[in-house]
Each structure stands twice: as structure tokens, then as C-alpha cells.
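One-letter residues, chain by chain:
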Amino acid sequence: MLGGKLKWSRKKYQARTEAAKCEASSQAWKVGNDVRVAFYHVLATREHVQIENELLKTMRDRWLTVNEMFNLGQANEADKHQANVGLEKQKLQVLAAQNNLQYTWQLLVTAVGIDIPQHEVSGNLDGEKNPIEWQSALQNVMDNSPELGEAKRKLDADIITVKREHRQPIPDVILSGGAGYDQLDAGFAAKANVNIVNIPLFDRNQGTIQQAEADLARQRAQVELVQLQLRRLLAQHFRVYTTALQHVQSYEKVILPEAQKRYEVMLQSYKDTRSDWPPVLEAQKDFFDLRNEYIDHQLALRESEIAIKGFVLTGALVAPPGVTPSGHIDATPKPR
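This section reports on the structure supplied with the text. The shown structure was predicted, so the numbers you read here are calculated from the model rather than taken from an experiment. (Residues numbered from 1 in each chain as written. Predicted model: local features only at pLDDT ≥ 70, side-chain atom pairs only at ≥ 80, totals over all residues. Heavy atoms only, no water.)

What to know about the overall build of the protein
Looking only at helices and strands, the protein has six helices and two strands in total. Reading the secondary structure of the protein in the N-to-C direction produces α-α-α-α-β-β-α-α. Here the C-alpha radius of gyration of the protein, 35 Å, is well above what a compact globule of 336 residues would show, namely 20 Å. Once the C-alpha set of the protein is aligned to its principal axes, its extents read approximately 135 × 40 × 30 Å. The proportion of buried residues among the 336 residues of the protein is 37%. Within the protein, contacts between residues separated by at least 24 positions form 83% of all contacts whose residues are at least 6 apart in sequence. If you sum the accessible surface of the protein, you get close to 19900 Å²; carbon and sulfur atoms cover 54% of it. Looking at charge distribution, the protein has the averaged site of its 41 positive side-chain charges lying 8 Å from that of its 42 negative ones. (Helix = DSSP H or I, 4+ residues; strand = E, 2+ residues; numbered from the N terminus. Rg over C-alpha atoms; globule rule 2.2 N^0.38 Å. Buried < 20%, exposed > 50% of the residue type's maximum accessible area, 1.4 Å probe, protein only. Contact = heavy atoms within 4.5 Å. Areas by Shrake-Rupley, 256 points an atom, 1.4 Å probe, with all protein chains shown as cover. Lys, Arg positive; Asp, Glu negative; His and termini not counted. Charge placed at Lys NZ, Arg CZ, Asp CG, Glu CD.)

Digging into the pattern of salt bridges
Within this structure, the stated rule accounts for 14 salt bridges. A salt bridge links Asp286 to Arg262; the shortest N-O distance between them is 3.3 Å. Taken together, the positions of Asp286 in helix H6 (residues 277-309) and Arg262 in helix H5 (residues 206-271) put the pair 24 residues apart, joining distant regions of the chain. Here Lys285 and Asp289 are joined by a salt bridge, their closest N and O atoms 3.1 Å apart. (Salt bridge = Lys/Arg side-chain N within 4 Å of Asp/Glu carboxyl O.)

Some details on the nonpolar core
Counting residues in each nonpolar core, the largest one holds 52 residues, and the members touching the most others are Leu230, Leu234, Tyr241 and Ile308. Mapped by element, the contributors of at least two residues to this core are helix H1 (5-71), helix H2 (77-112), helix H3 (134-144), helix H4 (146-166), H5 and H6. With 14 residues, H5 is the largest single contributor of residues to this core. Non-local contacts of Tyr241, meaning those with residues more than four positions away in its chain, are made with Asn130, Pro131, Ile132, Leu301, Ser304, Glu305 and Ile308. One finds Tyr263, Trp277, Val280 and Ala283 within the second-largest nonpolar core, a separate group that totals six residues. (Core = buried A, V, L, I, M, F, W, Y, C linked by side-chain atoms within 4.5 Å.)

Structural notes on the pairing of strand E2 (residues 187-197)
Counting buried positions along E2 gives one out of 11 residues, so the element sits mostly on the surface. Where strand E1 (residues 172-182) lies against E2, 11 bridges are found, and the strand directions are antiparallel. Bridge pairing in E2 links Gly178 to Lys191. (Pairing = 2+ DSSP bridges.)

Considering a positive patch on the surface
A cluster of basic residues, Lys7, Arg10, Lys11 and Lys163, forms a positive patch at the surface. Sorting elements by how many residues they give to the positive patch places H1 first, with three residues. Locating Lys163 in the fold gives a position in helix H4. (Patch = residues over 30% accessible without salt bridge, like charges linked within 9 Å, V, L, I, M, F, W, Y side chains within 5 Å.)

What about the side chain of Arg46?
Examined against the element boundaries, Arg46 turns out to sit in helix H1. Reaching out from Arg46, the side chain makes a polar contact with the side chain of Glu120 at a distance of 3.4 Å. Polar contacts involving the side chain of Arg46 include one to the main-chain carbonyl oxygen of Val121, which spans 2.4 Å. Ignoring anything within four residues of it in the chain, the contact list for Arg46 reads Leu101, Glu120, Val121 and Gly123. (Polar contact = N/O pair within 3.5 Å; in protein donor to acceptor, adjacent residues only side chain to side chain.)

Looking at the packing of H5 against H6
Where H5 contacts H6, the two axes come as close as 8 Å, and the packing angle between them is 160 degrees. One finds that H5 runs roughly antiparallel with respect to H6. When you trace H5 past H6, the crossing you get is left-handed. A class-by-class count of the residues in the contact of H5 with H6 yields 26 nonpolar, seven polar and six charged. (Axes fitted to C-alpha atoms, helices over the stretch in contact; angles between N-to-C directions. Parallel < 35°, antiparallel > 145°, perpendicular 65-115°, else oblique. Left-handed = near helix turned anticlockwise from the far one by under 90°. Nonpolar A, V, L, I, M, F, W, Y, C, P; charged D, E, K, R; others polar.)

A short note on the packing of H1 against H2
Across the interface, H1 lies against H2 with an axial gap of 8 Å and an inter-helix angle of 165 degrees. With respect to H2, the axis of H1 lies roughly antiparallel. The two elements H1 and H2 cross, and the hand of that crossing is left-handed. Of the residues in the contact of H1 with H2, the class split is 22 nonpolar, 11 polar and eight charged.

A short note on the packing of aromatic side chains
Using the criterion set out here, one finds six aromatic pairs in the structure. Geometrically, the ring pair formed by Trp29 and Phe311 is edge-to-face, given 4.9 Å between the ring centres and 85 degrees between the ring planes. One end of the pair, Trp29, is in helix H1; the other, Phe311, is in the segment after H6, and 282 residues separate them in sequence. Given the relative accessible area of 30%, Trp29 is considered partly exposed. Between Tyr251 and Tyr294, the ring centres sit 6.3 Å apart and the planes meet at 20 degrees, which makes this aromatic pair stacked. (Phe/Tyr/Trp six-rings, centres within 6.5 Å; stacked < 30°, edge-to-face > 60°.)

So this is what it looks like as C-alpha cells:
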């Protein structure tokens, strides 16, 4: 085969191989990111269960307090019914948290791919202390994203494909030879043949070249599309990350300490017989509710952090589409 057709075909499929490697890397990142997110969900839900159980103790204390006040004539029957409702609702909150823990565990097991009985896991929701900067995160995605790398490797393959199809009209040469016995001369004989095949008189491969050029134009646009999609997804996750980081820092520095101090002050006031017990329980419940909110913000921070550092790749249980798009020249039964 003349014109370097085999060489360019080999280069094209080498580029396709590199694209497939990038797709495999993308899938690996998706699996890793999904496992990390599922793990943090288990940690967060476990802490929610602990807080809901603490809140249940508080509601039981409130229920006992209201019943004692009712017996002493300091609370009416409506307060007693309200306490019953509050206690029962908190029991349901505990059950809901436990059900959610079972659900998040199944998400983790599914992401890992191994059926493991539910048990305690070690870890915490605390992340890195150094905030992520937008410009560095964007540069990392644009330089190292396997999804963008796959699109670029496909572009390389399509550039080579155009070159390969331009060489298709070059005729090939078949050389053949052999040895035998000449009956007339009664002796040894040798023969050699040279045949030129596929001489392009009218067919200069114009249609296939146009298709390859169309594939190339489409893939150039696809590279730009992937870049824009990655930037948009990164911006979405970075918005969640920044908001969650601001909330986590505010809760750690001001909101939780102040709520805890309020509860402690009211508790001390009750011990000094300067305050009733129900306001103390309300302060304690407010503190626990804020702790629940803090856990949710921590989880949002960890999720967005994983997405930003993991090239915004998620969805490990969705099969990768493959490196050859529908309608591409290489999707034909006998590609060159």
C-alpha cells in the first residue's frame, strides 16, 4: 500500500486509543468521586441521628415538665396535648434519620460495588483549611480534565483521518513472483508480476474526504463545547462551595458558640431559680437545630470540594458512551 495509508491509519487508531484511555480515566474519577460523596453522606447522616436522639431526650424532658406543671396547675390541658404531639413528632424524626442512614449506606455500598453490612465508619466532615481559589480550580480543570482530554484526542484522530482519506486515491501496487518448471525448455523457470490496483479515474474519494472534514469540524466545536460545559459546571459547584464555606466559618466562629452560650446562660438561670424550665428546653432545641444546619453546610462543602477537585465528574453507574460518536466515519462497518 502506497502513500503512507497504513501509517496514517495506525496513527489515527493510536489517537483513538489515547481517547479511550482518557474516557477510562474519566470513569475512574466518577467512581472515586461518587464513593467519596456517599461516604460523607453516611458521616453526615450518622451525626444527624445522634442529634435527633439528643433532641428526643429534650422533648421527653419537656413532656415530663409539662405534665408536672399540669399536675401543679401551672399548665393547661392544651399545653399537655401540645407536649404529646411534640414528643411523638420527634420520635418520627429519629426514625426518619435512621431510615436515611440506611439509605445513605446503600448508596455507599452501591458506589463501592461490594455488599457490606451496615457498620460504624471512621472519619469526620472536616475538610481542608485552605480555601480553593477560582482561577486555580479553573486552570486545573482546563489543563487536566480527562473529559476535555478525550475530546482533544478525538480531535487529533479526526485531523489524522482527513490526512488519511486524502491518500486513499493513491494506487496500490501488488508484486508477485514464483518459480516453476518450463515444459518447453525442460528446465527451471521464474516469473514476476507487477499490478497497479485501484487507479482513480473518476473516484477521487471526494465524498469520504468531505465526511472526514465534517467530522473534524464537529469535533473542533465539541472541544469548545466541553470547555464551556466544564466551566459552567465548575462555576455552579464553586458557588455552592463558596456559600457553604462562608456558612461553615460563620457557624463555627459565631452562631454555634453564641447559641451554646445562650443555652448555658438560661440553664444556669434555671438552676438559680430565676427562670422556668420550658425556655431552657427551647434554647437547647434551638442549639441542636443549628447543629443540624451546620452538618448540612459541612456536607455541601465536602460535596462541592470533591466535585471541584474531581473535574466535576459524577455518575459512575452510567456506562461511558465510547470514543466514536454516532454518524462518525469510524462508525461504518469497515473503517480505514
